[in-house]
Amino acid sequence: DKNILNIEKDRFSEFSKKFNQKKRMLYISTCSADDPSRNNNLYVLNKLYIEKIIQNSFKNFLIVRLPEVIWKNENKITLVNFFYNKIKNKKKFEIWNKAKRNIIDIDDVILLTLNLIKNDNFYGKTINIANSKSFSVIEIVKTIEQLSGTKAIYNLIDKGDFDWTIDISEVVELIKKININFDENYLYKIIKKYYF
């Protein structure tokens, strides 16, 4: 909704004028900013606009970009919720055959973000927090099928960008240090954790 996005922009512009510059600013943005198949939609453009305001208006800022975050929530339009509900209710949907998405558990996001906040070296930066592996959208759907025992009904659409990757170089050492394991079973484990 363009009106809601404009309200958010205006609200953030007003907030930036009143913000105490001695404090630290943390803003949650989106890794989709670098995805060529999605970086021109209104949601992403809005996030980029606010990122620019932060970079130009604040001294001690940290912008954290997130991928598809999985947790228990009722938002029917998040990617995995959308697929889960369509499959569970045996409703037809479309899959972009060249799309891949990066999936991460909210618990891992919180752990990484709290560690970033505590470290002065990360301020003044835009940092991607993401899984070291992205998954094809079909792989995500197949995982839900496997766990639910229900066959998905979908059409394949020739869209997406397999070449897109998320740069997590800023947090690779932190991921190792706090022992987050993005292994080959990560997708299965977090979908099972929150949906089954």
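Before reading further, recall that the structure is shown in the block above.
Quantities reported herein were computed from a predicted structural model and do not represent experimental measurements.

The rules we used
- Residues numbered from 1 in each chain as written.
- Predicted model: local features only at pLDDT ≥ 70, side-chain atom pairs only at ≥ 80, totals over all residues.
- Heavy atoms only, no water.
- Axes fitted to C-alpha atoms, helices over the stretch in contact; angles between N-to-C directions.
- Helix = DSSP H or I, 4+ residues; strand = E, 2+ residues; numbered from the N terminus.
- Parallel < 35°, antiparallel > 145°, perpendicular 65-115°, else oblique.
- Left-handed = near helix turned anticlockwise from the far one by under 90°.
- Contact = heavy atoms within 4.5 Å.
- Nonpolar A, V, L, I, M, F, W, Y, C, P; charged D, E, K, R; others polar.
- Buried < 20%, exposed > 50% of the residue type's maximum accessible area, 1.4 Å probe, protein only.
- Core = buried A, V, L, I, M, F, W, Y, C linked by side-chain atoms within 4.5 Å.

Some details on the packing of helix α5 (residues 137-148) against helix α7 (residues 186-195)
For the pair α5 and α7, interaxial distance at closest approach is 10 Å and the crossing angle is 55°. On the basis of the axis angle, α5 is oblique to α7. The way α5 lies across α7 gives a crossing that is right-handed. On α7, the residues that touch Glu139, Ile140, Thr143, Ile144, Gln146 and Leu147 of α5 are Leu187, Tyr188, Ile191 and Lys192. Taken together, the residues of the contact of α5 with α7 sort by class into six nonpolar, two polar and two charged.

Focus: the packing of helix α1 (residues 2-18) against helix α2 (residues 42-57)
Angle between the axes and distance between the axes: these two values describe a pair of packed helices. Closest axis-to-axis distance for the α1/α2 pair is 10 Å, and the angle between their directions is 5°. The orientation of α1 with respect to α2, classified from their angle, is roughly parallel. Contact residues: α1 offers Lys2, Leu5, Glu8, Lys9, Phe12, Ser13 and Ser16, while α2 offers Leu42, Tyr43, Asn46, Tyr49, Ile50, Ile53, Ile54 and Ser57. A class-by-class count of the residues in the contact of α1 with α2 yields eight nonpolar, four polar and three charged.

A word on the environment of Lys22
Mapped onto the secondary structure, Lys22 falls in the loop between α1 and β1 (25-30). Given a relative accessible area of 77%, Lys22 falls into the exposed group. With 89 residues separating them along the chain, Lys22 and Leu111 place their C-alpha atoms 25 Å apart.

Remarks on the nonpolar core
As a rule of thumb, nonpolar side chains are buried together in soluble globular proteins. Ile103, Leu116 and Ile140 are the most contacted members of the largest nonpolar core, which has 46 residues in total. Of the residues forming this core, the biggest block, six residues, is contributed by α7. Every residue in contact with Ile140, bar those within four places of it in the chain, is listed here: Leu79, Val80, Phe83, Arg101, Ile103, Phe135, Leu187 and Ile191. If you look at the next biggest cluster of nonpolar residues, it comprises 10 residues, including Tyr27, Ile53, Ile54 and Phe61.

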